[in-house]
Amino acid sequence: MRFATLKVAISALAANKLRTSLTLLGMIIGVASVTALMSIGRGVEKQITAELQAAGTNVLFIFSGRPGGSDDEDPIRQLTYEDSLALEELTWDGTVVGVAAVGNSRNLSVVAESGDTRVTVQGVTPSYMPVNNLTIAFGDTLTESDLSSRAAVAVLGATVAANLFPDDDPIDQTIRADNLRLHVIGVLEEQGGGAFGGSPDDLVFIPITTAQARLSRWVTPEGERPVNSISVKLVDEREETIDAGAASIRSILRERHEIADDADDDFIIMSPKDLIEAVSAAIGVFTLFLGAIAGISLLVGGIGIMNIMLVSVTERTREIGIRKAVGAKRRDILVQFLVESVVVSVLGGILGILLGGLISFGISQLPLGPDGESLQTAVTLDIIVLAVSVAATVGIFFGIYPANRAARLDPIQALRYE
Amino acid sequence: MPETVIETNNLRKTYVMGDSEIHALDGVSVQISRGELLAITGPSGSGKSTLMNILGCLDRPDGGEYLLDGEDVSTLNDNRLAEIRNRQIGFVFQSFNLLPRVSALEQVELPLLYGGGSPGGKAARRAQAGAPVGGAAGVPDAQERVGMARDLMLQRGGASWRDRAREALIAVGLEDRMSHKPTELSGGQQQRVAIARALVTDPAIILADEPTGNLDSRTSEELMGLLLRLNSERGITVVFITHEDEIARQTNRIVRMMDGRIEAEERGEKGMDTAASADAPAASADASGPTAAANEPSTPTVTSPLETRR
Ligand SMILES: Nc1ncnc2c1ncn2[C@@H]1O[C@H](COP(=O)(O)OP(=O)(O)OP(=O)(O)O)[C@@H](O)[C@H]1O
Ligand SMILES: [Mg+2]
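Residues numbered from 1 in each chain as written. Chains lettered and ligands numbered in written order. Predicted model: local features only at pLDDT ≥ 70, side-chain atom pairs only at ≥ 80, totals over all residues. Heavy atoms only, no water.

A.B. asks: Would you mind going over the pattern of salt bridges in detail, with residue names and values included?
C.D. replies: Under the criterion given, the structure shown has 38 salt bridges over all chains. The partner of R77(A) in a salt bridge is E258(A), with the nearest N and O atoms 3.0 Å apart. Taken together, the residues R77(A) in the loop between strand 1 (59–64) and helix 3 (81–87) and E258(A) in the loop between helix 8 (239–256) and strand 11 (267–270) connect sequence positions 181 residues apart. The class for E258(A) is exposed, based on a relative accessible area of 66%. Measuring nitrogen to oxygen at the nearest pair gives 2.5 Å for the salt bridge that ties R253(B) to E36(B). In this pair, R253(B) sits in strand 9 (residues 253–258) while E36(B) sits in the loop between strand 2 (20–33) and strand 3 (37–41), placing the two residues 217 residues apart along the sequence. Each of the two residues, R253(B) as well as E36(B), counts as buried. (Salt bridge = Lys/Arg side-chain N within 4 Å of Asp/Glu carboxyl O. Helix = DSSP H or I, 4+ residues; strand = E, 2+ residues; numbered from the N terminus. Buried < 20%, exposed > 50% of the residue type's maximum accessible area, 1.4 Å probe, protein only.)

Right, here's the structure in full:
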């Protein structure tokens, strides 16, 4: 393409500033809404991924259920506290550094002297804190003796502590959850995050044995105590370590659950990578969905371009005739009009990304959550690339018909056009 | 034998309007030699513009043959026709046909833009030959123009598009109007820009359809003078349509059209003294009287065909 063609296109656009800016506006709005909406999706994805990563990428997460693709209809055996105890044997060779079980959690209203709040109370093993990289800010953490004695003690998440004891030191205070009186022994460091699905800040942790004795006495047919999930922390995050860990866990659990050789697992072992991938994929779909909705306005912008280009071709029929008379070929005219529409759409795309980025920043500053949390947004490179390439495609797609119409004009008829 | 640049045989162009047919061209055969200066006259509606548009490759005939430089144009595709319009033929319209809002210099650059050829070339050779057209009143004379063109040449190795456009504008006497837009130019000046545009790719042929039709008589004279000089000084083949007998007479040959046919051909006052036609061209040698048109054999000479006015 000749540089002169670009110049011709730009001067043609400059000759009709109002019209050009209105067409641009259509493009800008389309691209800005795509950018802003998709940035919300990307922000959420980033946030959740970061949380998962903070929890440690060397932790395997095990819960009950059939792996994807299994059509086994047999009832499954629930994961139990006894399973987690059995997995402890893996710590002997040093590849596993901790096994934590999370019992059935219950949402209870918790009352203290200076306040009350509704929180989730979760029974955990003492290893839960190190396995999930949680550290104690004040006081003590849960201990093995708390576990064996089914002690009525609690470690509070940072937010819970702040809500229940806005002015006082929570340590050694007593809180009441339903009919359960708990002695506060520690408060966790603030972890942050958790906009979508439970941050440890909002939880109250008690020994899993206490929870089983006082909150949920349900036992499996085998007489074991069911748990929600088991987390296994490995010594490092290398792929071999993770694969080997998962294999050992699998063989222990299959044996304990008496699963026949040809039957499927009745539990799912998820590596942090799997988890992040699964979450990203789900959010990615959500992001694309947002983008597609916004894409409708981009389509409208594109139709605006086509409309203006058609008007422009009709208006400039004589000009096209003159250009052809002095030797312009079809391709020259085609390129001239195509460049015009692509210039509008790409310029609109760039301005739209800027506006979308601004909107996205604005959204991230708004207190949207119940506690005034804001929604994280992220204008990532892939959004920019997508928006610009979609804009250029729209320009070409909606520009090609008018441009082709111009290019095919017969010189003498074009010259005679009034 | 003078070289024939344009030859048509039995050209036809028919427009269908509803159920009536208009034979705008009803078998036109004409030969034009290199370097010839030819006027086409005839009453309104006789098919002059139709013929001119076909000769200029702006339009295609419905029948007959058109050989340009020996090449059968009717078989060429649109791209080749565009190339011919760009390089071999310069076309000047009655209504100027300049681009709106574009400076004179850029108007003249336009054909170069679509030529895609290397800057320099013929234009450079021409400037060295010192060929700018001689002086009209109030513009630099030939000597000065040659100087100006040389100066441009010295500043560069080969001529850039801009320089070639400048040269063409100097040649038509518009050196002080280069950045003017059509609305800032008089009619005569606009037509000069159009001639410069026709000239800039150094075509062998210039076709002009009533180039002075929209201009007053004084300006017409100046412009016709310019076209005649392009013919005599640069050897460009010039074919133009006019309704003015006086102007038509200043040529080598006058072709008179009527109802889509060539009614008569007549020798102009300029005679056959151009280099190209000096050695007795077959096509127009027997021009002691008007040459009989192919479709009207041996019609007695129309004694004063050019007296028929619009
Ligand atoms: N596009 C067209 N559709 C129908 N008829 C046409 C068309 N163009 C020209 N004609 C007819 O063809 C005939 C020749 O037209 P042309 O323009 O060649 O005449 P002309 O000799 O140039 O006349 P003038 O001196 O008025 O310019 C006229 O009768 C005209 O009506
Ligand atoms: Mg005419």
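A.B. asks: Tell me about the sheet that holds strand 2 of chain B, and please be specific about residues and values.
C.D. replies: All names here are of chain B. The antiparallel open sheet is built from four strands, whose spatial order is 2-1-4-5. With one partner strand each, in any of the chains shown, strand 2 and strand 5 (71–72) form the two edges of the open sheet. The pairing of strand 1 (residues 4–17) with strand 2 spans eleven bridges and is antiparallel. Across the sheet, the residue bridging to L11 is V28, located in strand 2. Each of strand 1, strand 2 and strand 4 (63–68) is contacted by helix 1 (residues 48–55), which is oriented at about 125 degrees to strand 1, the strand it contacts most. (Pairing = 2+ DSSP bridges. Contact = heavy atoms within 4.5 Å. Axes fitted to C-alpha atoms, helices over the stretch in contact; angles between N-to-C directions.)

A.B. asks: Explain a negative patch on the surface to me, and be specific about the residues and the numbers.
C.D. replies: On the surface, E113(A), D167(A), D168(A), D169(A) and D172(A) cluster together into a negatively charged patch. One can find D169(A) in the loop between helix 6 (158–164) and strand 7 (174–177). (Patch = residues over 30% accessible without salt bridge, like charges linked within 9 Å, V, L, I, M, F, W, Y side chains within 5 Å. Areas by Shrake-Rupley, 256 points an atom, 1.4 Å probe, with all protein chains shown as cover. Lys, Arg positive; Asp, Glu negative; His and termini not counted. Charge placed at Lys NZ, Arg CZ, Asp CG, Glu CD.)

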